[in-house]
2 protein chains.
Amino acid sequence: MTFDLAVIGAGPAGYAAAFEAASLGVSVALAERAELGGTCLNRGCIPTKMLLGATQPMEDLAAQARVKTLSGEIAANLDVLQTRKERLVSATRKAMRQRLKDAGVTLLMGEASFTGPNSLRVQSALDRTDVEFSKAIIATGARPALFPGMEADHERVLDSDDFLEIREAPASLIVVGAGFIGLETAQIAHRLGVGRLTLVDAMDRVAPAEDPEISAALMSIFKRRKWSFKLSARVASLKAEGQGVRLELDSGEILEADKALVAVGRKPSTEGLELEAAGLAADARGFLPVDESLRTSESIYAIGDVNGRMQLAHAAEHQASYAARHAAGKETAPYAPGPTPSIIYGDPEVMRVGALAAELLAAGESPEVSKAMLVSNPIAQAHASTQGFVKVVWRDGRVAGVTAVGTGVSRFTVAASMMVQERWRREDAESMMFPHPTLDEALKEALLAERKAG
Amino acid sequence: MTFDLAVIGAGPAGYAAAFEAASLGVSVALAERAELGGTCLNRGCIPTKMLLGATQPMEDLAAQARVKTLSGEIAANLDVLQTRKERLVSATRKAMRQRLKDAGVTLLMGEASFTGPNSLRVQSALDRTDVEFSKAIIATGARPALFPGMEADHERVLDSDDFLEIREAPASLIVVGAGFIGLETAQIAHRLGVGRLTLVDAMDRVAPAEDPEISAALMSIFKRRKWSFKLSARVASLKAEGQGVRLELDSGEILEADKALVAVGRKPSTEGLELEAAGLAADARGFLPVDESLRTSESIYAIGDVNGRMQLAHAAEHQASYAARHAAGKETAPYAPGPTPSIIYGDPEVMRVGALAAELLAAGESPEVSKAMLVSNPIAQAHASTQGFVKVVWRDGRVAGVTAVGTGVSRFTVAASMMVQERWRREDAESMMFPHPTLDEALKEALLAERKAG
């Protein structure tokens, strides 16, 4: 079979690329070895947000109960939650399959491996398809990384995929890794009734990709929930032992719990691709390096998690759209992502778009920052969740970045992305009406607040 | 006493005008007969949002309980809620007073009345101050309108001010007026346990200022909550009778309930101002007409609810900033509000900014509309609140308006305002990364959806 374009992997990147290329009149084959939707739909963003979204009333009630405005009890039905999650995920997969079919994409279920610079083979249990292509897009994504000494047994030592299938909350849980995956899953665990939660990270703060003040605010909020933290702590070993798990730190300290979740990052999935056959090579960390057009060779693109640029579904989709248009000859300019927002979900939320002050400082620039606390916002008061802040990073009098932490702050993300993209000045914030009363007024207040050296 | 500027009324408009003028170096007197903060802080947006915000977990739990993911009970403690609300309001008033003092504004507590085109008198119970001014700003706001035949007795026939002081939920309530005030207070009543709710309106739909499809969506959602509606229904009389209230419609139909709330709009507050002494006159509806610089005479401005332009606190503040700068000689261009967003709070929320399709059609234009339903959004699914939609109004291929209804849609407001202000094209939405998964993706989907004649 011969196609203009072969796409490997039907996650957010590969699906979007195949769909867009087909709509541009290109003949497209899409190879997928497991399920449509990839990590995001099946084992990542969507299941996580289903569990966090459905259990959010528990956190909101807890906040009001602390100030005694509301009282009551909420129990989660984990079986129903899992069923609903699976129903949404499978309905979405079905809709994706139909849309691909309608767009004329040839879907090949099976494991793809290159057989040459312009050919690959898709092998399923039943059959084998040889595909010739003019161009290809590798969108094989990433999967949970596990380090030696802490292999998941998927029963008591879990990876994030296992955790999202949880049917019963353990009495105690150790979470190794306090990045966004660890923090989101810890919140789910907390809401589902895990009594004793311990987070372990080799870094000296949680959410190390964020502004240090964000990390500090998160710590302060989570400590109120009686979570324990072991930071700057390296894991020597983690294994199932007795009825639970036993974790030994480099320091010799021993932690025990019913279960452990390992969320120490993700690694690119390129195994089985036979990269050499196409003349490709991964870098030392396993990522496929790409040029300014997202190509890892003259005719082959690598997009999404596998290229190591940005492990976010919406970044992957954005790259996909570019690669599809570039492969179809509709685009010649270098890839320009524009502002790339990110969110840590739950309660509190964290949002970030554009530059952090530390990044600009490290680049030798002299950023300014301005800030507003949520405590003076009437909507934060109404929700009895007043911890948190909004911070604006300025470069030459223009908005270069926005980050925030607190209940509901993800609502700033799109507007903040637009402000970064359009390099807003103070006057833009002054002249624009923000609705009253909204949490958004905290963003306006931060834009208008006194600026200090970043 | 002589001042450059005299401001009458310390609500959102008057407070902001006095503060900003003082910060521009103008000498300012601010007269207030009751409380700092006006309707919004004391009897409007803030108390309403405190009650709606605090009780939101009840609605969220109800949504999850319908799909059986969560179960439980939540009770509101109305005394604590009222105390918290009063504490926030009084702390805000105190902070306002301090800020005015720090800015050098002379606060005169008492009833202001003009004594000439450049003079007024402020009369309190204890004393009287005569003020000479170069310029004045009237920002006296509005108050609940009551029509003959349905006067509030403040015990059983309530106005919205009375309702916000509620300490005990009546078993049944009639709400006269299904505009935003009626709808927000009905939602509070519902959450606080009012068993039987009946909304009455002379119009043929609820939220008549909104797009008709929004009204229909609201009706559908509220009918699920077993609310009764009497639309296209005029009230002949409403009065306390027996243990409750008795409402007679023009049709002769009789409605009975424990209490009634009259929310049939608001009328401008100009009584006692002695407008004639300054050579001013209100229009037939009682509003102070203004020119393109928000002036009702050569030297006197009228801003906020009293000029009848837009009954919104943030619109009032925006006008205030302009009037302060214009009065201080820092601004000469005509007043340009830019996009003016509005929100109906609660669950669902309604947001709107820019033009409605019907407005453009009425002006002889040929708008297009595009739309996305919330049901396909994973965050709406996670919150088990999937009713609602986003609608974009286009004029000449540019975004002219955005409106939405559904749980949490107020989060679109600031970004949508920016899109209207910058007259976004389809390509702007295509090139911009929206975070995944967020409710915001429904806005993007609406921007990219097929357009039809509006």
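Residues numbered from 1 in each chain as written. Chains lettered and ligands numbered in written order. Predicted model: local features only at pLDDT ≥ 70, side-chain atom pairs only at ≥ 80, totals over all residues.

1. Here we look at the overall build of chain A
Link 1 in the chain: Helix and strand counts for chain A stand at 13 helices and 24 strands.
Link 2 in the chain: For chain A, the C-alpha radius of gyration of 23 Å lies close to 22 Å, the compact-globule estimate for 454 residues.
Link 3 in the chain: The dimensions of chain A, computed from C-alpha atoms along their principal axes, are 65 × 65 × 40 Å.
Link 4 in the chain: Burial status across chain A gives 55% buried among its 454 residues.
Link 5 in the chain: Intrachain contacts of chain A at a sequence separation of at least 6 include 67% that bridge at least 24 residues. (Helix = DSSP H or I, 4+ residues; strand = E, 2+ residues; numbered from the N terminus. Rg over C-alpha atoms; globule rule 2.2 N^0.38 Å. Buried ≥ 20, exposed ≤ 12 C-beta atoms within 10 Å, placed from the backbone. Contact = placed C-beta atoms within 7 Å.)

2. With respect to the sheet that holds strand 15 (residues 254-257) of chain A
Residue and element names in this part refer to chain A.
Link 1 in the chain: Pairing is antiparallel across the open sheet formed by 3 strands, whose spatial order is 13-14-15. Both outer strands of the open sheet, strand 13 (235-241) and strand 15, are each paired with one neighbouring strand and no more. Within the sheet, the average angular offset between the axes of one strand and its neighbour, ignoring direction, is 15°.
Link 2 in the chain: One ladder, built from 4 bridges, connects strand 14 (residues 244-249) with strand 15; its direction is antiparallel. Bridge pairing in strand 15 places R246 opposite E256. (Pairing = 2+ DSSP bridges. Axes fitted to C-alpha atoms, helices over the stretch in contact; angles between N-to-C directions.)

3. Re the relation of the copies chain A and chain B
Link 1 in the chain: In the superposition of chain A on chain B (RMSD 0.0 Å, axial shift 0.0 Å), the rotation amounts to 180°. In short, the pair behaves as if placed about a two-fold rotation axis. Taking C-alpha positions as the reference, the residue of chain A nearest the rotation axis is A415(A), at 2.2 Å. (Least-squares fit on C-alpha atoms with pLDDT ≥ 70 in both.)

4. Digging into the pairing of strand 1 (residues 2-8) of chain A
Residue and element names in this part refer to chain A.
Link 1 in the chain: Taken across its 7 residues, strand 1 has 5 buried, putting it largely inside the fold.
Link 2 in the chain: Inspection of the sheet shows strand 1 paired to strand 2 (residues 28-32) by 4 bridges, in the parallel sense. Pairing of L5 across the sheet is with V28, part of strand 2.
Link 3 in the chain: For the crossover that starts at strand 1, traverses helix 1 (residues 12-23) and ends in the parallel strand 2, the hand is right-handed. (Right-handed = clockwise from strand over helix to strand, strands pointing away.)

5. Notes on the domain arrangement of chain A
Residues and elements named next belong to chain A.
Link 1 in the chain: Considered domain by domain, chain A is made up of domain 1 (2-44 + 79-144 + 267-327), domain 2 (157-264) and domain 3 (342-453).
Link 2 in the chain: The distance between the C-alpha centroids of domain 2 and domain 3 comes to 29 Å.
Link 3 in the chain: If you look at the interface, domain 2 gives 13 residues, while domain 3 gives 14 residues.
Link 4 in the chain: The set of elements that each furnish at least two residues to the side of domain 2 that touches domain 3 consists of helix 6 (180-191) and helix 7 (212-224).
Link 5 in the chain: Taken together, the residues that form the side of domain 2 that touches domain 3 break down as 7 nonpolar, 2 polar and 4 charged. (Domains from an automatic or database assignment. Nonpolar A, V, L, I, M, F, W, Y, C, P; charged D, E, K, R; others polar.)

6. Describing the sheet that holds strand 23 (residues 398-406) of chain A
All names here are of chain A.
Link 1 in the chain: A sheet is described by the order of its strands in space; here 6 strands give the open sequence 19-20-23-22-21-24, paired in antiparallel fashion. Edge positions in the open sheet fall to strand 19 (342-344) and strand 24 (452-453), since each of these has one partner strand only.
Link 2 in the chain: Pairing of strand 19 with strand 20 (residues 349-354) involves 3 bridges; the strand directions are antiparallel. Bridge pairing in strand 20 links S342 to R352.
Link 3 in the chain: Along the sheet, helix 7 makes contact with strand 20, strand 22 (389-395) and strand 23, crossing strand 23 at roughly 10°.

7. Notes on the interface of chain A and chain B
By a widely used convention, the size of an interface equals the accessible area lost when the partners come together.
Link 1 in the chain: Opposite the 60 residues of chain A that make contact, chain B presents 60 residues.
Link 2 in the chain: Of all the elements in the fold, those that place two or more residues in the side of chain A that touches chain B are helix 3 (45-66), strand 3 (70-76), helix 4 (78-103), helix 8 (313-327), strand 19, helix 10 (378-382) and helix 11 (413-421) of chain A.
Link 3 in the chain: For the side of chain A that touches chain B, the residue count by class is 32 nonpolar, 21 polar and 7 charged.

8. Observations regarding the packing of helix 1 of chain A against helix 8 of chain A
Axes are the key here: two packed helices are described by the angle between their axes and the distance separating the axes.
Residues and elements named next belong to chain A.
Link 1 in the chain: One way to put it is that helix 1 packs onto helix 8 with a least axis distance of 8 Å and a crossing angle of 30°. Here the hand of the crossing between helix 1 and helix 8 comes out right-handed. On helix 8, the residues touching P12, A13, A16, A17, E20 and A21 of helix 1 are A313, A316, E317, Q319, A320, S321, A323, A324 and A327.
Link 2 in the chain: For the contact of helix 1 with helix 8, the class distribution of residues is 11 nonpolar, 2 polar and 2 charged. (Left-handed = near helix turned anticlockwise from the far one by under 90°.)

9. Some points on the environment of P57(A)
Link 1 in the chain: In this structure, P57(A) sits in helix 3.
Link 2 in the chain: In this structure, the C-alpha to C-alpha distance between P57(A) and G44(A), residues 13 residues apart in sequence, is 21 Å.
Link 3 in the chain: For P57(A), the contacting residues outside a window of four places in its chain are I74(A), P57(B), D60(B), L61(B), Q64(B) and L70(B).

10. Considerations on helix 7 (residues 212-224) of chain B
All names here are of chain B.
Link 1 in the chain: Along its 13 residues, helix 7 runs 19 Å from first to last C-alpha, staying within 8% of the 18 Å computed at 1.5 Å per residue.
Link 2 in the chain: Of all the positions in helix 7, only I214, S215, A217, L218 and F222 are classed as buried. Down the axis of helix 7, the buried set is contained in an arc of 165°. They therefore lie on one face. Facing away from the buried surface of helix 7 by more than 90 degrees, the exposed residues are S220, K223 and R224.
Link 3 in the chain: Check the buried side of helix 7 and you find it contacts strand 20 (349-354), strand 22 (389-395) and strand 23 (398-406). (Expected span 1.5 Å × (residues − 1). Arc of directions from axis to C-beta.)

11. Topic: helix 3 of chain A
Residue and element names in this part refer to chain A.
Link 1 in the chain: The terminal C-alpha atoms of helix 3 lie 30 Å apart, and with 22 residues this matches the ideal 32 Å at 1.5 Å per residue to within 8%.
Link 2 in the chain: The sharpest bend along helix 3 reaches about 40° and sits at T55, with the proline P57 one to four residues further on.
Link 3 in the chain: Within helix 3, 18 of the 22 residues are buried, leaving the element largely enclosed by the surrounding structure.
Link 4 in the chain: Of the residues flanking the end of helix 3, it is K68, one or two places downstream, whose phi is positive at about 70°. (Bend = angle between axes of the 7 residues up to and from the residue.)

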